[in-house]
Amino acid sequence: MINLVWLIPVLPLAGFLINGLFRNSLSKGMTGIVGCGVLLASFILSLLIFGQVRQDGFHAVTVTLFDFISVDKLHIPFAFQVDQLSVLFLLIITGVGFLIHLYSTAYMHEEEAPHYARYFSYLNLFVFSMLLLVLGANFVILFIGWEGVGLCSYLLIGYWFKNIEYGNAAKKAFIMNRIGDLGFLIAIFWMITQFGSVTFTDVFGGAKSASVGVITGITLLLFVGATGKSAQIPLYTWLPDAMAGPTPVSALIHAATMVTAGIYMIARSNALYSLAPVSQTVVAVIGLTTALFAATIALKQNDIKKVLAYSTVSQLGYMFLGLGVGAYTGAVFHVMTHAFFKALLFLGAGSVIHAMGGEQDIRKMGGLRKALPVTSITFLIGCIAIAGIPPFSGFFSKDEILSAAFAKSPVYYVIGLFTAMLTAFYMFRLFATTFSGTFRGTHEQEHHLHESPLAMTIPLIVLAILAAVAGFLGIPDALVPNAHVLEHFLEPVFAAGGEHPAVEVSHGTELGLMALSAGLALVVSLLAWSRFKSKPELAEPTGFGKVLANKWYVDELYNAIIVRPLNGLAKFFVWLERWIIDGAVNGVGRLVQYGGRQLRLLQSGQVGGYVLLMVIGILALFLVELFVKK
Amino acid sequence: MPINYYIFLALALFCIGVAGVLTRRNAIIIFMCVELMLNAVNLLLVAFSKMHQHALAVTNPQAGIDGQLFVFFIMVVAAAEVSVGLAIIVMMYRNTHSTDVNFLNRLKH
Amino acid sequence: MIPVLLIAIPLIGGLAGFFIKDEKSARGWSLLVSLAALIVSLWGLSLPAKSPMLNADAEWLPALGSRFTVGLDGMGQILCLLTAIAFPVIFIATWRDEYRKAWNFYALMLLSQAGLMGVFLAMDALLFYFFWELALIPVYFLCSQWGGEKRIQATFKFFIYTFVGSLLMLIGIIWLYSHTADHSFSMKSFYDLRNRVGGQEQLWLFWLFFIAFAIKMPIWPLHTWQPDTYEQSPTATTMVLSGVMVKMGVFGVIRWLAPVLPVGTWAWGDTVSALCIIGMIYASLVAIRQDDLKRLVAYSSIAHIGLMCLAIFATTTSGMQGVMIQMFNHGINIIGLWIVIDLIERQLGTRKISELGGLAQKAPALAILLVIVALANVALPLTNAFIGEFLLFSGVYASKATQYNVVFTVVAGLSIILSAIYTLNMIQRVFFGNTNTLTEKAKDIRLNEKIVLAAIVVLIVVIGVYPKPILNLTKETVDLIITKMNYKS
């Protein structure tokens, strides 16, 4: 069975090719069937493989397909690694991915058939890249998927290519990702020189004998890659702009694929990170800062998708905090729960936007609860889950990270907790503004309001159930001993990395912390709910609120310190090229021409003149011969 | 007779020739001056050849013969040159009704 | 046998082409000849490396000690294959381009192919020089007769530049020849020179050769002929120039400079690497601001070639393998880009990015194919260029020839980001957005162009996924060169 693992990425690839090549001849129905069918097949295959992997005593299996690059002593096979971590991600990607595909069949139904097929082919390619990423048995295969998802995000964000704005957002995503990719790439080269291999087992095995400095360097460079892909400071600004794509794409990028790549990569390299405490601290601090920073921005956003985008950035920060403090299981757990509730929230937002005829500004919504019952209930479940209110899934995963952070340093915990409160606040602000109160849109929109079709609501319901119950996979020891299924499952992967933080918090403290965070989340949620349910925030923010609404002016800052100087430099080089370098070349030519013109004057045409010159020349030679040579 | 006398005579002839070529504009006179220079050289060649013959007669009876051979060559060439040169001058006179070389400056254009 | 055929087929075909005074038959004839060369090249590939068919040797100029020695080693195979693929592709893709006195045009194209083949096959220094010039002369005529508005200036610049380089190289060859043990131009005698030429001499001899090759590649700051020439030449010639001819420079360094003058190469490695890197960043930034599609591609090519040259001087096996495979890839990819540009120009009469836009709506197939080729240009994984750039960069990083290997990798790596910027800018401004009055009437591509571009895309992906055959092909050459380069006197 496991030897068939290559089928899992190949199926979406086949879907991509079929939909892409025959986009002009396939009907929309066929396109949808192909697009969703391949993913469903992949999902079933993943389930089967999962069944095998979850048996006790399973050891990681490497499936080598062929020799990819083989030069000198460096051998990079095109190989897949099947273990607990990759299988878990396979399930998330294909499962959530399938739901998003299903949802898209209805959401994108108004597109023309060729574009519809193009959309599905991109989606399939996206999933293919992500599967490659999590299945790769070495860093190069991982990198292939890594750049692949960057490409697909570019294609999908810029899906409506007539709009230049969207195109710019797509470009920004790709280029910011590339900046991170460079770091990743250099890390790979370093590994090659250091370990002579990029295969996970070789690298992790060799790491123990390498110096701490080298490991720190490699891990930091890997982390640079992760900041690009997983939208952390300083490379996060592309993610909110990525909302330009169709909403299911946002769901795919934010929940199932792409942004979790950085988490996966670091979790996968846990053996390296555990050897480099400096890198761990950096990861934790950047993660925490991003979490807080993005949460403050989300407070004042009025675009339904932008709020969710910043909440993703913030939640990703959480995951990095988890990785940084050594709670790898917690981070992966949060990836999973986040995949459920964020996909749910985005698809819910898509349902709202669908109903509102493309409107995304929450100030023009309100009171949608009546018109969109399924959407509003599932959305509420998503909000509760992300806010960290027990017993929904977000609570368990977030809490695992927080308690690990507390064990590392209470400062981490306090900031983390504060961010969690902000999360609860802005999510319920969003929910209250959108779904309660009275409708504030145009009359026509109100007339048009409707619940979405089944193909859209079914994924919502499934995801809502998952978002509600997935938390029970990771019940902390403090509540029920030995009930943390996920930890048990992932143990073989993280055992090498020394999963447990050095200082364990006692069960009593942990319970206390849990109660504190749960209580605070609940209180803040209710507060936000009561504050915004009848009196939504409609006025333009002023003062500090304005700074937040403008995202701390980070885009403007980047523009001023990077984009413009670069443009200036380019302009200067063009000038240099034209007037100095090419000028020198042309100058030599002109000099020769000028010299020729001047020398031409000697050619008077008078025979006597020539003879005179000749005689002078001969005399000069005589003189040289007589006087100088001696 | 010491060789110096020959040398000075040839030098004087040669310089007269050069001066003539440089200063005169009449093509025929220039031409004659060129001949003068050639003959100055011929004179030198003959003189040196005689000198060498004297000096090396014991070891090499053939010594100095090539200098005299050269003279003959130069005389032949000069004769050929005269025929061609005079022809050119005649043509020139037919065309420009003058033998002034300064009229022949078309090449500069 | 095969090397002789590879040279003779286009040479005779080209000479015969002058006498076919009919446009259509001349076109058909040239395609036929180039396809024949491709078949021979494929035949050569199918033979085992030791096959006697792959070498030929004959008396040429015995008085000078120069023989007509040609042979196909791994590097020769790959570059001859590139040349053999490039010409039919160019002929098919530009099938609808019209030329004055087309028979002369096609004949000259074939002659330059013969010259190129000779350059890649020659195992004798004088023969190499002979073919080097033979390949260039037809190009001078092609540019100056069929080029754009400012073709004369551009050709003149190109001519002077390359000629200066060639003469310097000729001096170098003669100097080396006079120091060979057996007064011969053969490659073997030249490779033995390392023991006979002192370190001091190698220091200046290096530049005699390197300037010639650097002009051809081109390396900053000797590159200014390139954008002008690419812009002014007819596109078919531009494809030859950028797709195949710039490889002459890279090839020259690998075969005739690095192994012959290892001390000089070692000593100047850092200087040359610095020039390469400056050139990469510089060209990438200049490319961002270009409005003419041809100039944009020209500058991007300068950046890519700079990386290859950088990797040569890194003196590592992986880097050198990267150069080998990347020479092929770069040729394929850039020809693909030129084809697209040629299509756009022929349809709409402009190459100005600012005048285009929204082409994806009107020509979706063209847009898709271009995007794939462009992605190969930015070295996205699973395209051929990724394999090349990955090996190149890893070679530079692992270099022991310089102490600045990390700095070189990082700074050169910036060009990866910059290349994404200018390539995506170009795609967006030409293909995305809304149509304007000019692009409104654009049509999608026709079958012949689709076939050619699709073939290029297939090559891009196949090599990107399974590069092993090519890597195996050049393995022996690479090992040989690296051993020669690593020689310490």
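Everything quoted here is computed from the prediction, not taken from an experiment. (Residues numbered from 1 in each chain as written. Chains lettered and ligands numbered in written order. Predicted model: local features only at pLDDT ≥ 70, side-chain atom pairs only at ≥ 80, totals over all residues. Heavy atoms only, no water.)

Draft legend 1. Structural context of the packing of helix α8 (residues 212–229) of chain A against helix α13 (residues 277–298) of chain A. All names here are of chain A. Remark: α8 packs on α13, axes separated minimally by 9 Å, with the N-to-C direction vectors making an angle of 20°. Viewed along their axes, α8 and α13 adopt a mutual orientation that is roughly parallel. Note that α8 runs across α13; the crossing there is right-handed. The segment α8 lies against α13, with Thr216, Thr219, Leu220 and Phe223 engaging Val278, Ser279, Val282, Val283 and Ile286. A class-by-class count of the residues in the contact of α8 with α13 yields six nonpolar, three polar and no charged. (Axes fitted to C-alpha atoms, helices over the stretch in contact; angles between N-to-C directions. Helix = DSSP H or I, 4+ residues; strand = E, 2+ residues; numbered from the N terminus. Parallel < 35°, antiparallel > 145°, perpendicular 65-115°, else oblique. Left-handed = near helix turned anticlockwise from the far one by under 90°. Contact = heavy atoms within 4.5 Å. Nonpolar A, V, L, I, M, F, W, Y, C, P; charged D, E, K, R; others polar.)

Draft legend 2. Representation of the pattern of salt bridges. In this structure the tally under the stated criterion is 24 salt bridges over all chains. Between Asp67 of chain A and Lys468 of chain C there is a salt bridge; the shortest N-O distance is 3.7 Å. Taken together, the positions of Asp67 of chain A in strand β1 (residues 61–71) and Lys468 of chain C in helix α19 (residues 468–485) put the pair across two chains. You can call Asp67 of chain A partly exposed: its relative accessible area is 23%. A salt bridge links Asp582 of chain A to Lys157 of chain C, with the shortest nitrogen-to-oxygen separation between them at 2.6 Å. Within this pair, whereas Asp582 of chain A is found in helix α25 (residues 554–600), its partner Lys157 of chain C is found in helix α6 (residues 151–179), the two belonging to separate chains. Judged by relative accessible area, Asp582 of chain A falls into the buried class, the value being 13%. Linked by salt bridges that have partners in common, Asp582 of chain A together with Lys157, Asp228, Glu231 and Arg295 of chain C make up one network. (Salt bridge = Lys/Arg side-chain N within 4 Å of Asp/Glu carboxyl O. Buried < 20%, exposed > 50% of the residue type's maximum accessible area, 1.4 Å probe, protein only.)

Draft legend 3. Region of interest: empty space enclosed by the protein. Under the definition given, this model contains nine cavities of 30 Å³ or more. In this structure, the largest cavity occupies an estimated 100 Å³ of space. Along its surface, the largest cavity is lined by Phe143, Glu147, Arg178, Asp181, Leu182 and Leu185 of chain A together with Ala379, Phe386, Glu389, Phe390, Phe393 and Ile416 of chain C. Elements that contribute at least two residues to the lining of the largest cavity include exactly α5 (139–157) and α6 (164–195) of chain A together with α16 (384–397) of chain C. Counted by class, the lining of the largest cavity contains eight nonpolar, no polar and four charged residues. (1 Å grid on protein atoms, 1.4 Å probe; cavity = no way out; pocket = protein on both sides within 12 Å on 5 of 7 lines; lining within 4 Å. Points joined across faces, edges and corners; volume = space filled by probe spheres on them.)

Draft legend 4. Local environment of the packing of aromatic side chains. Per the counting criterion, the structure on display carries 74 aromatic pairs over all chains. With a centroid separation of 5.0 Å and 35° between ring planes, the pair formed by Phe158 of chain C and Trp225 of chain C is classed as tilted. Pair noted here: Phe158 of chain C is in helix α6 and Trp225 of chain C is in helix α9 (residues 225–232), with a separation of 67 residues, a long-range link. Through pairs of rings, three or more aromatic residues link up here, namely Phe139, Phe143, Trp146, Phe184, Phe189, Phe200 and Phe204 of chain A together with Phe386, Phe390, Phe393 and Tyr397 of chain C. Taking NZ or CZ as reference, Arg429 of chain A lies 5.9 Å from the ring centre of Phe532 of chain A, over its face. Above the ring of Trp95 of chain C, the side-chain terminus of Arg27 of chain C is found at 5.4 Å from the ring centroid. (Phe/Tyr/Trp six-rings, centres within 6.5 Å; stacked < 30°, edge-to-face > 60°. Lys NZ or Arg CZ within 6 Å of the ring centre and 35° of its normal.)

Draft legend 5. Geometry of the interface of chain A and chain C. Between chain A and chain C, the contact holds 49 residues from the first and 58 residues from the second. Between chain A and chain C, the buried area comes to about 4,700 Å², and carbon and sulfur atoms account for 76% of it. In terms of surface lost to chain C, no three residues of chain A exceed Phe161, Arg178 and Phe189 of chain A, which account for 14% of the buried area on that side. Where chain A touches chain C, the interface holds two salt bridges. (Buried area = accessible area lost by both parts, 1.4 Å probe.)

Draft legend 6. Broad picture of the interface of chain A and chain B. Between chain A and chain B, the contact holds nine residues from the first and eight residues from the second. Of the roughly 680 Å² buried where chain A meets chain B, counting both sides, 64% is carbon and sulfur surface. The largest per-residue losses of area from chain A upon contact with chain B belong to Gly605, Gln606 and Val607 of chain A, which jointly make up 46% of the total buried on that side. Taken together, the links from chain A to chain B amount to zero salt bridges. Of the residues belonging to the side of chain A that touches chain B, the class tally is four nonpolar, five polar and no charged.

Draft legend 7. Main features of a nonpolar patch on the surface. On the surface, Met1, Leu4, Trp6, Val10, Leu40, Ile44, Leu48 and Leu65 of chain A cluster together into a nonpolar patch covering about 630 Å² of accessible area. Top element by residues in the nonpolar patch is helix α2 (residues 28–53) of chain A. It accounts for three residues. (Patch = residues over 30% accessible without salt bridge, like charges linked within 9 Å, V, L, I, M, F, W, Y side chains within 5 Å. Areas by Shrake-Rupley, 256 points an atom, 1.4 Å probe, with all protein chains shown as cover.)

Draft legend 8. Region of interest: the nonpolar core. Ranked by internal contacts, the top residues of the largest apolar core, which has 407 residues, are Phe139 of chain A together with Phe210 and Phe431 of chain C. Taken together, domain 1 (2–549) and domain 2 (563–628) of chain A each give at least three residues to this core, which thus spans both. Discounting residues that sit within four places of it in the chain, Phe431 of chain C has contacts with Val340, Ile344, Gly358, Leu359, Ala360, Leu366, Ala367, Leu370 and Met426 of chain C. (Core = buried A, V, L, I, M, F, W, Y, C linked by side-chain atoms within 4.5 Å. Domains from an automatic or database assignment.)

Draft legend 9. Molecular detail of the layout of surface pockets. Its boundaries defined by the atoms lining it, the second largest pocket holds a volume of some 1,300 Å³. What lines the second largest pocket is a set of 36 residues, among which Asp582, Val585 and Asn586 of chain A together with Lys157 and Asp228 of chain C lie closest to the centre. At the level of elements, α25 of chain A together with α6, α8 (199–216), α9 and α12 (293–314) of chain C are the ones that each hand at least two residues to the lining of the second largest pocket. Ranked by residues supplied to the lining of the second largest pocket, first place goes to α25 of chain A with 14 residues. Class assignment of the residues belonging to the lining of the second largest pocket gives a composition of 17 nonpolar, eight polar and 11 charged.

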